[in-house]
Every structure is written in structure tokens, then in C-alpha cells.
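Each chain, written out:
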Amino acid sequence: MTAQPLASQPHIAATLRAALGDAAVRTDTASLDYMANDVYRTGGHPAAIVRPASVDALQQAVRLCAQAGVAMVPRGGGASYTDCYLYPQGGHILFDLTALSSIDIDEANAVVTVGAGTTWAALKAALDARNLRTPFWGPFSGIAATVGGSISQNTVSHGTAAHGTSAQSVLSMDIVLASGDLLTTGIGTATRNYGPDLTGLFTGDCGALGFKTSIRLPLLAAREAAVTVSFAFDSFANCHAAIAIIQKERLEDSHFGLDLALSQGQIARQEGAGARLKIAAQVFRKAPNPVAGLKQLLKMALAGEDPMRAGAYMAHFIVEGITPAEAEGRATRLRALVDPYGREIANSVPSFVRAMPFAPLANILGPTGERWVPIHGVFNQTRVVPFHDAWEALLAKRQTEMQQHGLTVGTMFSPVGPSGFLYEIALYWPDDRTAYHRETLGEAHLSALPAYTENPTARAFTDRFKQEAVALMQEYGASHFQLGRAYPYQQRLDPEAATLLRGIKAALDPKGLMNPGVLGL
Ligand SMILES: Cc1cc2nc3c(=O)[nH]c(=O)nc-3n(C[C@H](O)[C@H](O)[C@H](O)COP(=O)(O)OP(=O)(O)OC[C@H]3O[C@@H](n4cnc5c(N)ncnc54)[C@H](O)[C@@H]3O)c2cc1C
């Protein structure tokens, strides 16, 4: 049986309303328009949006949809751009899981149990109050992105240099299956590893294997002391050589690299005067004492915009320690290792990021209001520079068409453990905004940016170019996170592994109703 558009199941919205209450089911045009988009583009219209207030309500709704044979698509914060929760056929039930938001801190056992719809920003605020943290502690989009969405997608950023990806920080999870039954991975929370890794199976599944309701994450003591360090490099090869060394050392909690285009564009823009004041207040608050806070603010003010323009590539590090002396000691080692490849510059960018790790989602549009879509590949260290050279060659080959359509690019880098290097390419093109941008950014923000009319030609070129870039990444052996419907997956797997995956899907979701199409399932 294949998933049915709702048009052929006219009573399901009424049935869901009767079971869950009117407030839990929306069918108004504005909500459906908004939820038909991710950050990148527009998919099929959902026939209804259901927002279950409890796990029981979610189980009930899943059972009703399964009986009706209707496609079910989960959505967390909606901050993704890989068609992950867009069902092209439309007529599906979109499950807004943000009401499953709860934080239960068990400090004695060093475990926090989080409702899947909790944002990383909310989790950080609750843990900060107890001087605690999780190992991975969120993507830059954590003001909107949920723990459930990030674990379902594989995510990097805060804490990744020291502790790896979102998936590596999970102990166990509760998941509602297509049958409506609740499955718990693992036994207790003392360790994730008890026999085969059933928790791992559901990480990065994009919701194709079930809907996460609760996630248990380990707790660590937060480190108050931190030093931020930035370097500029004249060539990509030098930038990569320095970062690869640092990845093996694990001196820092987080780091990220940027090319000149991204530094000057998205990062330099960071909001208006109000946000700068807020950041200054946060920098001051986070400093070990008022004198150190003032010194850091003065350094940032004197540096002005220079750190955004200091070299062809920049890398920014946030180094933590038990004491300021320990953080300084680690930073000294980091400087000694990076110094032969680049030059130290003012540390404004990582200081901003440490002060405001979850900035408002202004970057869903480009610096002058263009549309934005990132793509990435995770490479073995020895393939990084060869891929970079091939990418530069592709850019040169497509230069005329890019100019014709107004397409521009920027690049960003992240560590993935010692062995993986994440190379992210941001594409910008002039085009009209969607309901997603209007709802997320609001009129006051948008009115200060240039606007563009519908530009289907540039949009189509961007999509073709995006696919060409992904194919090039795969030629250089890249793997990917956040697969959704955007990255080829099963054809890259060993045939035995692909058969196993399809068998697991068939066992958990025999009618193929849960987020049909993601991972090619
Ligand atoms: C400005 C900006 C900055 C970003 N920064 C980063 C970054 O630093 N690092 C990074 O890796 N990514 C980043 N992203 C991408 C994205 O925000 C993250 O991957 C984030 O984790 C998505 O979480 P979400 O809750 O918004 O998930 P959604 O977009 O809602 O969903 C993602 C996927 O998970 C599924 N899903 C959602 N909830 C559940 C659930 N409870 N159970 C099962 N499946 C579920 C959805 O069906 C979909 O397939 C950024 C995006 C933006 C817009």
C-alpha cells in the first residue's frame, strides 16, 4: 500500500480533530502555506497540520493516519534546507512536534531527558542555570532547531570539535513507530552501548523510521573559562593544513572556518545596532571579571570590521578550560600549531559567537536579501584540497552563467572528529521570498532588505548547479549529513547494507507512510 493524498481520505482531518481537539489540527491557508516550505524551497501542500500536545496524542494521531493510509511527515523547528520535511506530492499530514517540549534534569545520574520538540536554546538556558551542558550542544540555528530535528538529521557546530556530532551525544531515545507503538532504544541511561547500537539506527533517519518523542543526553560540567582565537590564511591549502592538525589535538570546544565572501557577507552583517549592544552585554557578562570584559570589548571595537577582511580564509576557535590559565594554556598550544600557516587576527567573530551562540535566523536570506541554500560534503583529509581545486575549476567553468543569473557563493568549514572535514558551500541567487522567510523574519526585518521578483530561471539554474556540486563532492568520496531528499544515499551504500536498510524500513513501517521518499525510501 502506498501513501494516499488526503484528497482521497476526506475524513481524516475531522477524525484527527475529534480525537485530539480542534486546537491540535490546523487547515487554514496561512499555516499550510508556511509549512509547505523549508528554508530552501516550496514543496507540496500538507492537507492538515497536527500538533500533538503529548506522546499519547501523537500515538493516537499516528494510528489514525496509519489506518487511513495517509503519509505522515514530522517537523521540528523547520530550520533545514534539504527537502527533509517537504513531501512533493502534498496531501500529507504534517506533524508539528514542537509541543513535545520538556526538560528533565537528573543531575545525580548526569542525564537530561529532553522532549524532541525542545529547542537547543531552551535546553542551554535550563542547563546554564545549573552550570551544566551536553557534549554537543546545538547548531547555530538552535534558537529554532529542536533536539529531535537535529538528532534525526545529524548536525554539527557547538561542542563538535571536542565531542563530535549530535548523534554522538545521544544515550537513548523513545520513538513512536508507524504502528503507533512506542519503542525505547537501549536499556536505562548508564551507557548507550548494550548490544547492537539501536539508538544509532534512528539517528540521521530524517524521520523515515519513526517519530522521536524523548531523547536522553549525557551531562557534563560547564567550563566557565574560555579564550577565543582567530587566524587568517592566504591560501585554502594553508587553512586546511592548520585545521587538520588542530582537529587531532582537540584543544577547543568549537571551531569554524570561513572564506572571505562569507566573512564579509553573512557574518559581518550580524544584525543591527540592537544586536551589537546585546552581544556587547553578553561578552561583558561572560568575562571572568569586569576588567577582562572591558579589555575584550575594547579589542573588538578597535578591530572594527578588520577581522572580516583579514585574509582569503579565516578560522575561529573557542577554547575552554577549567580555569582561565588552563584555557590560556590550550590557546597557547593552538597558536603555536597554527602560526606556521597563518597569522593571528582580532578575535571578534568567535567572541560574538560565544556571546550569542544561537543568533536570530537572519542568515536564511543572503546579505542583500538574496535567497540562500547551503550544501556540504564530509571529506577524508587527503581529499579536501583536491576537492577544493576541482570546485574552483567548476566555478571558473560556470562563471558566465553564474553572472548571468546573479548566483554568488561562499564557503564555510567545520571539523567532524579528527578524520572528517566538512566543506560547506552557500549558494545565493536573486529571487522572491517564500512564506517561510516572511513568517520567520517578519516585516520589520524584511523591509530593510532589497526584495526581488519571482526568478524561476535563476532558481532552476541554482538547483542544477547545486546538483552538479553535490555530484562533484561525491566524486571525491564525500559523505553527507541531513540527507532528506537532497543527497543520493542508497546508491552509495554497499548493496548488502542497502538491503538491510530497506528490510528495517519494511519491518518498522510496512505501508511506507512515515516521511516517504527521504533517504530514497
Ligand atoms: C541559519 C541556520 C543555521 C544553521 N546552522 C547549522 C549548524 O550550525 N549545523 C548544522 O548541522 N546545521 C545547521 N543548520 C541546519 C538545520 O537548522 C539543522 O540541521 C537543525 O538541526 C534542524 O533542526 P530542526 O528541528 O529545525 O529540524 P527540521 O528542519 O524540522 O527537520 C529536520 C528533519 O528531521 C525530521 N524530524 C524533525 N523532528 C523529528 C522528530 N521528533 N522525530 C523524527 N524526525 C524528526 C524532519 O522530518 C526532517 O527530516 C542551520 C540552518 C539555518 C537556517
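Residues numbered from 1 in each chain as written. Predicted model: local features only at pLDDT ≥ 70, side-chain atom pairs only at ≥ 80, totals over all residues. Heavy atoms only, no water.

S.K.: Just to check I follow, could you spell out the overall build of the protein chain for this structure?
M.R.: Within the protein chain, the secondary structure is distributed over 18 helices and 18 strands. Here the protein chain, with 521 residues, has 57% of them falling under the buried criterion. The long-range fraction of contacts in the protein chain, counting pairs at least 24 apart against all pairs at least 6 apart in sequence, stands at 76%. Carbon and sulfur atoms form 56% of the exposed surface of the protein chain, whose accessible area is close to 20700 Å². (Helix = DSSP H or I, 4+ residues; strand = E, 2+ residues; numbered from the N terminus. Buried < 20%, exposed > 50% of the residue type's maximum accessible area, 1.4 Å probe, protein only. Contact = heavy atoms within 4.5 Å. Areas by Shrake-Rupley, 256 points an atom, 1.4 Å probe, with all protein chains shown as cover.)

S.K.: Just checking my understanding: could you explain the sheet that holds strand β16 (residues 371–380) for this structure?
M.R.: Across the sheet, seven strands lie side by side as β15-β12-β14-β13-β17-β18-β16; this open sheet has antiparallel pairing. At either end of the open sheet lies a strand with only one pairing partner, and these are β15 (343–345) and β16. Going from strand to strand, the sheet's axes swing by 25° on average, the running direction of each strand aside. Bridge count for strand β13 (residues 254–259) against strand β17 (residues 408–416) is two bridges, and the pairing is antiparallel. Considered in β17, the bridge of Gly257 is made with Phe413. Contacting β12 (225–233), β13 and β14 (313–321), helix α13 (residues 348–355) crosses the sheet at an angle of about 50° to β14. (Pairing = 2+ DSSP bridges. Axes fitted to C-alpha atoms, helices over the stretch in contact; angles between N-to-C directions.)

S.K.: Whenever I open this one, unusual backbone geometry confuses me. Can you help?
M.R.: Excluding glycine, a negative phi dihedral is what most residues carry, and trans is how most peptide bonds are arranged. Even without a glycine there, the phi angle at Ala110 is positive, about 55°. Taking the relative accessible area as the measure of exposure, Ala110 reaches 29% and is therefore partly exposed. With phi around 40°, Asn515 is a residue other than glycine that occupies positive phi space. Tracing the chain through its elements places Asn515 in the segment after α18 (495–508).

S.K.: Help me out: how do you make sense of the environment of Gly369 in this one?
M.R.: The residue Gly369 is located in the loop between α13 and β16 in this model. Along the chain, Gly369 and Asp432 lie 63 residues apart, while their C-alpha atoms are 9.2 Å from each other. In this structure Gly369 touches Leu449, Pro450 and Tyr452, once residues within four positions along its chain are discounted.

S.K.: I keep staring at the pattern of salt bridges and nothing clicks. Help me out?
M.R.: Counted by the stated rule, this structure contains 25 salt bridges. Notably, a salt bridge pairs Arg63 with Asp181, separated by 3.3 Å at the nearest N-O pair. With a gap of 118 residues between them, Arg63 in helix α3 (residues 55–68) and Asp181 in the loop between β8 (172–176) and β9 (182–184) connect regions that are remote in the sequence. Since its relative accessible area comes to 35%, Arg63 is described here as partly exposed. Owing to a relative accessible area of 41%, Asp181 belongs among the partly exposed residues under this scheme. The partner of Arg459 in a salt bridge is Asp431, and the shortest N-O contact between them spans 2.5 Å. Residue Arg459 is located in helix α17 (residues 456–475), and its partner Asp431 is located in the loop between β18 (420–429) and α16 (435–447); the two are separated by 28 residues in the primary sequence. The exposure class assigned to Arg459 is partly exposed, which follows from its relative accessible area of 29%. For Asp431, a relative accessible area of 1% translates into the label buried. Here the residues in one salt-bridge network are Arg133, Asp253, Glu320 and Arg354, joined through shared partners. (Salt bridge = Lys/Arg side-chain N within 4 Å of Asp/Glu carboxyl O.)

S.K.: Mind showing me how you'd approach the sheet that holds strand β4 (residues 93–96) here?
M.R.: What holds strands together in a sheet is hydrogen bonding between their backbones, with the strands either parallel or antiparallel. Spatially, four strands are ordered β1-β2-β4-β3 in an open sheet, and the strand pairing comes out mixed. Taken across any chain shown, the strands that pair with only one partner, and hence form the sheet edges, are β1 (25–26) and β3 (72–75). In this sheet, strand β2 (residues 48–50) lies alongside β1 in antiparallel orientation, the contact comprising two bridges. Note on β2: the bridge partner recorded for Arg26 is Ile49.

S.K.: In this structure, what is going on with the packing of aromatic side chains? I would like to understand it.
M.R.: Tallied over the entire structure, the rule returns 21 aromatic pairs. Seen in terms of ring centroids, Phe379 and Tyr423 are 6.5 Å apart; in terms of plane orientation they differ by 80°. Their pairing is edge-to-face. Note that Phe379 is positioned in strand β16 and Tyr423 in strand β18, a separation of 44 residues in sequence. Each member of the pair, Phe379 as well as Tyr423, carries the same accessibility label: buried. Relative to Tyr423, the ring of Phe387 has its centre 5.1 Å away and its plane inclined at 85°; by these criteria the two rings are edge-to-face. Highlighted residues: Phe387 in helix α14 (residues 381–397) and Tyr423 in strand β18, separated in sequence by 36 residues. An aromatic cluster of three or more residues is present, and its members are Phe236, Tyr313, Phe379, Phe387, Phe413, Phe421, Tyr423 and Tyr476. The ring of Trp137 carries the charged tip of Lys124 above its face, separated from the ring centre by 4.8 Å. (Phe/Tyr/Trp six-rings, centres within 6.5 Å; stacked < 30°, edge-to-face > 60°. Lys NZ or Arg CZ within 6 Å of the ring centre and 35° of its normal.)

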